[in-house]
Amino acid sequence: MQNKNRNTLLFSFLTLSLALLLVLNISLGSVSIPIKDVFNSLIGGNSTKETWHYIIINYRLPKAITAILVGIGLSISGLLMQTLFRNPLAGPYVLGLSSGASLGVATVILGATLLPAGVASILLSSYGIVLASSLGSLLVLLAVLAVAQRLRDTMAILIVGLMFGSLTSSIVGTLTYFSTSEQLQKFTFWSLGNLGNLPWSSIVILSICVILGLLLSLLSIKPLNALLLGENYARSLGMNYTKTRLIIIFATSILAGSITAYTGPIAFVGLAVPHIAKLVFQTSNHTILFWSTLLLGAIIMLICDSISQLPGSDITLPINAVTSIFGAPIVIWLLIRKRKMMN
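What counts and how
Residues numbered from 1 in each chain as written. Predicted model: local features only at pLDDT ≥ 70, side-chain atom pairs only at ≥ 80, totals over all residues. Heavy atoms only, no water. 1 Å grid on protein atoms, 1.4 Å probe; cavity = no way out; pocket = protein on both sides within 12 Å on 5 of 7 lines; lining within 4 Å. Points joined across faces, edges and corners; volume = space filled by probe spheres on them. Helix = DSSP H or I, 4+ residues; strand = E, 2+ residues; numbered from the N terminus. Nonpolar A, V, L, I, M, F, W, Y, C, P; charged D, E, K, R; others polar. Phe/Tyr/Trp six-rings, centres within 6.5 Å; stacked < 30°, edge-to-face > 60°. Buried < 20%, exposed > 50% of the residue type's maximum accessible area, 1.4 Å probe, protein only. Core = buried A, V, L, I, M, F, W, Y, C linked by side-chain atoms within 4.5 Å. Contact = heavy atoms within 4.5 Å. Expected span 1.5 Å × (residues − 1). Axes fitted to C-alpha atoms, helices over the stretch in contact; angles between N-to-C directions. Parallel < 35°, antiparallel > 145°, perpendicular 65-115°, else oblique. Left-handed = near helix turned anticlockwise from the far one by under 90°. Patch = residues over 30% accessible without salt bridge, like charges linked within 9 Å, V, L, I, M, F, W, Y side chains within 5 Å. Areas by Shrake-Rupley, 256 points an atom, 1.4 Å probe, with all protein chains shown as cover. Salt bridge = Lys/Arg side-chain N within 4 Å of Asp/Glu carboxyl O. pLDDT = per-residue confidence, 0-100.

## Overview of the layout of surface pockets
Of the voids in this model, the largest pocket is the one considered here, and its volume is about 990 Å³. Lining the largest pocket are 42 residues, with Asn 194, Leu 195, Gly 196, Asn 197 and Leu 198 positioned closest to its centre. Counting residues per element, the ones that place at least two in the lining of the largest pocket are helix H3 (50-84), helix H6 (126-150), helix H8 (181-191), helix H12 (241-263) and helix H14 (286-308). If one sorts the elements of the lining of the largest pocket by residue count, H3 sits on top with eight residues. A per-class count over the lining of the largest pocket returns 20 nonpolar, 17 polar and five charged.

## Structural notes on the packing of aromatic side chains
Here the structure, examined in full by the defined rule, presents five aromatic pairs. Pairing Phe 187 with Trp 190 gives two aromatic rings, centres 6.0 Å apart and planes at 25°, and the pair type is stacked. With a gap of three residues between them, Phe 187 and Trp 190 both fall in helix H8, about one helical turn apart. Phe 187 gets classed as buried once you look at its relative accessible area, which sits at 10%. Overall, the relative accessible area of 12% leaves Trp 190 in the buried class.

## Regarding the nonpolar core
Where a protein is soluble and globular, its nonpolar side chains tend to be buried together. Core analysis: the biggest nonpolar cluster contains 83 residues, and Phe 85, Leu 95 and Ile 249 have the highest contact counts within it. No other element matches H3, which puts 15 residues into this core. The residues contacting Leu 95, other than those within four sequence positions of it, are Met 81, Phe 85, Val 140, Val 144, Ile 157, Gly 161, Ile 249 and Ser 253.

## Let's talk about unusual backbone geometry
Positive phi, close to 75°, is recorded for Phe 268, a residue that is not glycine. Tracing the backbone through its elements, the reader meets Phe 268 in the loop between H12 and helix H13 (269-281). Relative accessible area serves as the criterion here: at 15%, Phe 268 is assigned to the buried category.

## Points about empty space enclosed by the protein
Throughout the structure, instances matching the rule amount to one cavity of 30 Å³ or more. Counted as a void, the largest cavity has a volume near 30 Å³. Lining the largest cavity are Ile 76, Leu 79, Leu 80, Ser 217, Ile 221, Leu 224, His 286 and Phe 290. For the lining of the largest cavity, the secondary structure elements donating two or more residues are H3, helix H10 (221-227) and H14. Top contributing element to the lining of the largest cavity by residue count: H3, with three residues.

## Quick notes on helix H4 (residues 97-110)
With 14 residues, H4 extends 19 Å between its outermost C-alpha atoms, agreeing within 8% with the 20 Å of an ideal straight helix rising 1.5 Å per residue. Of all 14 residues in H4, 13 are buried, a share of seventy percent or more.

## Thoughts on the packing of H3 against H14
Following both chains from N to C, one finds H3 and H14 inclined at 140°, their axes separated by 7 Å at the closest point. Considered as vectors, H3 and H14 are oriented oblique to each other. For the pair H3 and H14, the sense of crossing is right-handed. Across from Lys 63, Ala 64, Ala 67, Ile 68, Val 70, Gly 71, Ile 72, Ser 75, Ile 76, Leu 79 and Thr 83 in H3, the residues of H14 making contact are His 286, Leu 289, Phe 290, Thr 293, Leu 294, Gly 297, Ala 298, Met 301, Leu 302 and Asp 305. Class assignment for the residues of the contact of H3 with H14 results in 13 nonpolar, six polar and two charged.

## Considerations on a nonpolar patch on the surface
On the surface, a nonpolar cluster with roughly 490 Å² of combined accessible area is contributed by Leu 131, Leu 135, Leu 138, Leu 139 and Leu 142. Following the sequence through the fold, Leu 138 ends up in helix H6.

## Looking at the confidence of the model for the protein chain
With 92% of its residues at a pLDDT of at least 70, the protein chain reaches an overall mean of 83. By mean pLDDT, helix H5 (residues 117-123) is the weakest element of the protein chain at 62, and H14 is the strongest at 93.

## Describing the side chain of Ser 98
Take Ser 98: it is sitting in helix H4. Excluding residues that lie within four positions of it along the chain, Ser 98 makes contacts with Tyr 93 and Pro 265.

So this is what it looks like as structure tokens:
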């Protein structure tokens, strides 16, 4: 009963924090907008200045929603992978999806000079890069699924995913070696991640992908709890292990693949947030971990995005740099603190 009350308070606090951070995130930037005007714009009212309302609706709100979707999707996929492989270092990109997306984008950006000018201009557009990233992730996904149906050992699938990642990374390395400085700069900007510049149409598609991935993840909650005690125990409970494994891999692929396609590879979040959720809620029950990881992922991405905007400045830091610089020390501190508490 005490744990239930504690969890209720924690969930209430996280939900309130998410709402406050959303408003704060929208108010911060090169142009500081009062929170009152942000709130008025969000509920359909008018801001003090028309330009503020335009900035909120067309730039800051889409970016904040993207940050929430990225935080939710990567955190949940990280939780799925860590439980499936029973490996605390597993993350959303452990199957090689990020490397596949990078290969697709690298092929388009770095190999554009080999294509006719008209075709190259289409492929180098924002939609072309998203399509290339999606196709790269899809090819790796199909390869991993084909291997997963043939292999009974889950750890072997993990190794295969890492090998696919190494293979695609070597191809990307070869392409970069023969590329111009301009092409390398564009590919580097994509690889640093970017939450902005997504139109509402792209956000709708990304939202559908994330919701679909979350629904598949919800179907896996009970099997995930059983997997904590091992594959044999899960099978003894009557669980169809092969089917469950494919659903988990497919859910992770939809979440991580769609997010990488639209925002580039975002580091740290998928690996660290599940650990933070477990330390904060002190449980391994995935019914609780699912929702806590979801909320914490959205909160942490909003915080990182707010920091990256450097409030009051025109400079915007790469989101990947912020998630790693500010995130990794937090996880190290939490793990050290947990170790001291156990001693």
